[in-house]
Amino acid sequence: MIIRKRLAAGTCVLFAALTMGLTPVGASAADNPDGQPTAAPKVELVLDVSGSMRARDIDGGSRMAAAKQAFNEVLDATPKEVELGIRTLGANYRGEDRKVGCKDTAQLYPVGPLDRTEAKTAVATLSPTGWTPIGPALLKAADDLNGGDGSRRIVLISDGEDTCQPLDPCEVARDIAAKGINLTIDTLGLVPDAKTRDQLSCIAEATGGTYTSVRHTDELTGRVGQLVDRAADPVVNPVAVEGAEECTGAPEIKPGLYTDRETFGEHRFYRVAVAPGQELRASVSVAADRAVNKDYGVLLRAVTEHGREIVRGSEAGDGRTDVISTGLRYPKPEQDGDEAAAETVCLQVSNSYSAPASVKATPGLPVELTVDVVDAPSAASDVAAFGLGRGWWLLGALVLTGFAAGVLWGWISRWRVAVWRTN
Amino acid sequence: MRTTKLLATAGLLGASALTALLGAGTAFAGSGDSGSSGDDKAPTEAGTSFRTAQEVEQGGRATAGASTGDYLYWSFPADAGQRPTVKATVKLPDSAARPSGATWRIDVYDGLRRRQSCMYGTQSRATAPDATSVGLSCTLRTVRAWSEQWANDPLPGTYYVRLTAATLTPSDQGLPVSAEVEVTSKEVGGSSAVDGSLAAPLVPGSTTEEAAAASDDASDGENGSSAGQALATGEPEDGWSSGWWSDRWVWTAAGGILAALASIGGYALTRGTGRPSRVPPGM
């Protein structure tokens, strides 16, 4: 009896293990809504501690004081699932040597579960000191956030432009984003001048982040808090894939969310298998992560393996934009017979962005591709719903027909009575 | 005389039946303007991309603090027979540092991220020099239950709203603003009812399990990704409609009843009272 019980229990455990094992493992890392997040979102606050932070022009206090106060409040309000770190730039080196000054970036508090007291103590020790090596700090910050599948976010707070050219922080940001590690950089400028603003907004644009200029302490607190909270929002992260120039040899993709890069005037192919009786749904967005010319477009085509176009989606636009997107759907009709094989549909993604010659073309523009396959509906047979009608004309027509039929029937029966009487 | 009475009664009966049925029909199909609801959990944030779009209920109102230059995204569900209207207000701070030269714009995209045209409404508006707020609105075409794959008609599913500054002078960038978005919709009813329906509403990430399993069998490619991760989960209040109901059923049924009554009337008119009066009783 006991053995049987044990056996049953064992089977249960085995079954549970199997079920767990068989559950499709998300290549795209999303938080499961009921359990713990599969990967903690990581945020690194990167604070400029250069000499210019001494300026007393935010609500009468120094920029540094405003930043410290904002950090204290944000640390108190940080959601507990967020792994938060702090990095400084220009905090240690007081000298004039540019080479040394441009390496001056240090991790003040490592990325990990937050100990509020420790983090606050660390922030309190800061005093405005040296240079503004934004580029190197961003590179190091990206390294700090390595590991895990969660979304990553860098919040850069600076009051001046990068003093360590020729390494352009904007290019650095774009390169970091091109690594495909789901990293966003949000920038905040403290009482920025035009150059700082342009540079910080360029960094933000390069990674799909946001730029804010700050003139008051409460603005700073509110915005940093908002960005940290945003990191905690569960989001489905895309999987990196590399499309091919031709349909043959293009990567085969399953339903899901993908990301790729595509330079100006390039197109890429992907292959999706669609079984009869299924509907393919694909949408694509191509992001403008740099300065592009003001008119642009995107084209998504579904073609057969032999190159016949099935359906296309296209969109064009002008003016300021973050992405241009389009989509298509392709319901494949049911087929008779057993050998109803899945058809390989080639998805071609092309963009018609262009850029001034001064803009670097590599790495390419970020492409986001979503592919879904659902069971397709049968084709509709009639324009009207089930052939039904509506409206007063329909009613009138029906009444007239009915009346005419009644009159006719009445005559017939009259005639029959007359016939019956004469007989 | 009698026949006219009969006819009049029939007509009245038919008309009242139609009214009652139509009334029932609209009640069944859902209330006219979707009422205000969900104010208690109205989002106070906005997403910054399609993937992070904040979900808003119809009739609900979402607010967000943002900087000029941000791209703000919200999503809402819309079902067949509805004509959604998106209204957005951008509030500019009442201080010296406010974006003065910006043109604001809302764009609406469907679940396939295809841009949807506005039938009417001010989709983009330039900020007046001394304005403290900018109002925008966009009314979509009526959402249809089905359309051909080559068409761009609005279909049931998720809709995205993007609010942004379409033109912006560099000095206006990054200044604080607050935005408010409200989505309402009008039930258009049977006049837009069409045959057919989608297997699943156009909700991104809605890959059905059987389809996923089938495609797993069909391709064992390297690039695997799990199915069924909904990018949007918003649903209409009482679920997606199955698409078979429209008030056309009521009209057609009422028409049938009226036709039957009219035919009785016509019969009575020509047939007379049943027996010819010249025929003596008892024959």
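Just so it is clear, the structure is predicted and the values come from calculations on it, not from any experiment.

Caption draft 1: Focus on the overall build of chain A. Helix and strand counts for chain A come out as 9 helices and 15 strands. Counting all 423 residues of chain A, 47% fall into the buried class. Considering only contacts within chain A whose residues lie at least 6 apart along the sequence, 76% involve residues at least 24 apart.

Caption draft 2: Expanded view of the UniProt feature "transmembrane region" (unreviewed entry) in chain B. Per the UniProt record, the feature "transmembrane region" (unreviewed entry) sits at residues 249–269 of chain B. For residues 249–269 of chain B, the end-to-end C-alpha separation is 30 Å, with 100% helix and 0% strand making up the annotated structure.

Caption draft 3: Spotlight on the interface of chain B and chain A. The interface is formed by 83 residues belonging to chain B together with 90 residues belonging to chain A. Breaking the side of chain B that touches chain A down by element, the ones donating at least two residues are strand S2 (61–67), strand S10 (157–167), helix H2 (209–218) and helix H3 (248–271) of chain B. Residue contributions to the side of chain B that touches chain A peak at 19 residues, all from H3 of chain B.

Caption draft 4: Spotlight on the sheet that holds strand S4 (residues 82–91) of chain B. Residues and elements named next belong to chain B. Overall, antiparallel pairing links the 5 strands, which are arranged S2-S11-S4-S9-S7 in an open sheet. Only two strands of the sheet have a single neighbouring strand rather than two, namely S2 and strand S7 (118–120). Taken pair by pair, the neighbouring strands of this sheet meet at an average axis angle of 30 degrees, ignoring direction. Two strands pair when backbone bridges link them, and S4 and strand S9 (residues 133–140) are joined in this way by 7 bridges, in the antiparallel orientation. Paired with Ala88 across the two strands is Leu136, which belongs to S9.

Caption draft 5: View of the sheet that holds strand S11 (residues 295–303) of chain A. Residue and element names in this part refer to chain A. Read across the sheet, 4 strands follow the order S9-S14-S11-S12 without closing on themselves; strand pairing throughout is antiparallel. Since the sheet does not close on itself, it has two edges, and those belong to strand S9 (267–274) and strand S12 (309–318), each with one partner. Put simply, the sheet's adjacent strands are angled 15 degrees from each other on average, direction ignored. As judged from the 9 bridges shared by S11 and S12, these two strands associate in the antiparallel manner. Along S12, the bridge assignment pairs Gly297 with Ala316.

Caption draft 6: Layout of helix H5 (residues 134–144) of chain A. All names here are of chain A. Of the residues making up H5, those classed as buried are Ile134, Gly135, Ala137, Leu138, Ala141 and Ala142. Viewed along the axis of H5, the buried residues span an arc of 160 degrees, placing them on a single side of the element. Elements in contact with the buried residues of H5: strand S1 (42–48), strand S2 (83–89), strand S3 (105–112), strand S4 (152–158), helix H6 (169–178) and strand S5 (183–190).

Caption draft 7: Highlighting the UniProt feature "transmembrane region" (unreviewed entry) in chain A. Under the UniProt annotation, "transmembrane region" (unreviewed entry) lies at residues 391–412 of chain A. For residues 391–412 of chain A, the end-to-end C-alpha separation is 32 Å, with 95% helix and 0% strand making up the annotated structure.

Caption draft 8: Molecular detail of helix H7 (residues 194–206) of chain A. All names here are of chain A. Compared with an ideal rise of 1.5 Å per residue, which puts 13 residues at 18 Å, H7 spans 18 Å between its outermost C-alpha atoms and is within 8% of the ideal. Along H7, the residues that are buried comprise Thr196, Gln199, Leu200, Ser201, Cys202, Ile203, Ala204, Glu205 and Ala206. At its buried positions, H7 is contacted by S4, H6, S5 and strand S6 (211–214). A positive backbone phi angle near 75 degrees is found at Gly208, which sits one or two residues after H7.

Caption draft 9: Summary view of the packing of helix H9 (residues 392–422) of chain A against H3 of chain B. Relative to each other, H9 of chain A and H3 of chain B sit at 30 degrees, their axes nearing to 6 Å. Comparing the axis directions of H9 of chain A and H3 of chain B gives the class roughly parallel. At the point where H9 of chain A passes H3 of chain B, the crossing takes the right-handed sense. Of the residues contributing to the contact of H9 of chain A with H3 of chain B, the split by class is 19 nonpolar, 11 polar and 2 charged.

Caption draft 10: Fine view of the confidence of the model for chain B. All names here are of chain B. Overall, the predicted model of chain B reaches an average pLDDT of 78, with 72% of residues at or above 70. Confidence over residues 1–39 falls short of pLDDT 50; this stretch has 49 contacts with residues more than four positions distant or in other chains. Per-residue pLDDT stays below 50 along residues 217–228; that stretch engages in 38 contacts with residues further than four places along the chain or on separate chains.

Caption draft 11: Geometry of the environment of Asp104 of chain A. Residues and elements named next belong to chain A. If you trace the backbone, Asp104 turns up in the loop between helix H3 (98–101) and S3. On the basis of neighbour counts, which here come to 24 C-beta atoms within 10 Å, the residue Asp104 falls in the buried class. Taking the C-alpha atoms as reference, Asp104 lies 45 Å from Thr326; in sequence the two are 222 residues apart. Contact partners of Asp104, with chain neighbours within four places excluded, come to Leu89, Gly90, Ala91, Asn92, Tyr93, Gly130, Trp131 and Pro133.

Caption draft 12: The arrangement of the nonpolar core in detail. Formed by 92 residues in total, the largest nonpolar core has its most connected members in Leu347 of chain A together with Ala179 and Val181 of chain B. Considering every element that reaches this core, the biggest residue donor is strand S15 (residues 365–375) of chain A, with 6 residues. If sequence neighbours within four positions are ignored, Val181 of chain B has contacts with Val56, Ala62, Trp74, Val86, Ala88, Val161 and Leu163 of chain B. Residues Leu45, Leu47, Met64 and Tyr211 of chain A belong to the second largest nonpolar core, which totals 56 residues.

Caption draft 13: Seen up close, the environment of Ile310 of chain A. All names here are of chain A. Positionally, Ile310 belongs in strand S12. Judged by the 18 C-beta atoms lying within 10 Å of it, Ile310 is partly exposed. When the C-alpha positions of Ile310 and Asp229 are compared, they lie 43 Å apart, and in sequence the two are 81 residues distant.

Caption draft 14: Inspection of the domain arrangement of chain A at higher detail. All names here are of chain A. Split into domains, chain A comes out as domain 1 (42–232) and domain 2 (239–375). Averaged C-alpha coordinates put domain 1 and domain 2 at centres separated by 35 Å. Of all the secondary-structure elements, those providing two or more residues to the side of domain 1 that touches domain 2 are H6 and H7. Among the elements that take part in the side of domain 1 that touches domain 2, H6 stands out by supplying 5 residues, more than any other. Its residues assigned to classes, the side of domain 1 that touches domain 2 shows 3 nonpolar, 2 polar and 4 charged.

Caption draft 15: A look at the pairing of S11 of chain A. Residues and elements named next belong to chain A. Residues Tyr296, Val298, Leu300 and Ala302 point to one face of S11 and are all buried, whereas Asp295, Gly297, Leu299, Arg301 and Val303, pointing to the other face, are not buried. Pairing geometry for S11 and strand S14 (residues 343–351), over 6 bridges, is antiparallel. Each bridged residue has a counterpart across the sheet, and for Leu299 the counterpart in S14 is Ser350.

Caption draft 16: Structural detail: the pairing of strand S11 (residues 176–187) of chain B. All names here are of chain B. By the bridge criterion, 7 bridges tie S2 to S11 in an arrangement that is antiparallel. Looking across to S11, one finds that Arg61 is bridged to Glu182. Where S4 meets S11, 10 bridges bridge the pair, whose relative direction is antiparallel. Bridge pairing in S11 places Thr89 opposite Glu180.

Caption draft 17: A look at the packing of helix H2 (residues 63–77) of chain A against helix H4 (residues 116–124) of chain A. Residue and element names in this part refer to chain A. Close contact between H2 and H4 brings their axes to 10 Å; oriented N to C, the two are set at 175 degrees. By the criterion of interaxial angle, the relationship of H2 to H4 is roughly antiparallel. Between H2 and H4, the contacting residues are Lys68, Phe71, Asn72, Leu75 and Asp76 on the first element and Arg116, Ala119, Lys120, Val123 and Ala124 on the second. Taken together, the residues of the contact of H2 with H4 sort by class into 5 nonpolar, 1 polar and 4 charged.

Quick notes on the rules
Residues numbered from 1 in each chain as written. Chains lettered and ligands numbered in written order. Predicted model: local features only at pLDDT ≥ 70, side-chain atom pairs only at ≥ 80, totals over all residues. Helix = DSSP H or I, 4+ residues; strand = E, 2+ residues; numbered from the N terminus. Buried ≥ 20, exposed ≤ 12 C-beta atoms within 10 Å, placed from the backbone. Contact = placed C-beta atoms within 7 Å. UniProt positions renumbered as here; feature names shortened; annotations may be inferred. Pairing = 2+ DSSP bridges. Axes fitted to C-alpha atoms, helices over the stretch in contact; angles between N-to-C directions. Arc of directions from axis to C-beta. Expected span 1.5 Å × (residues − 1). Parallel < 35°, antiparallel > 145°, perpendicular 65-115°, else oblique. Left-handed = near helix turned anticlockwise from the far one by under 90°. Nonpolar A, V, L, I, M, F, W, Y, C, P; charged D, E, K, R; others polar. pLDDT = per-residue confidence, 0-100. Core = buried A, V, L, I, M, F, W, Y, C linked by C-beta atoms within 7 Å. Domains from an automatic or database assignment.

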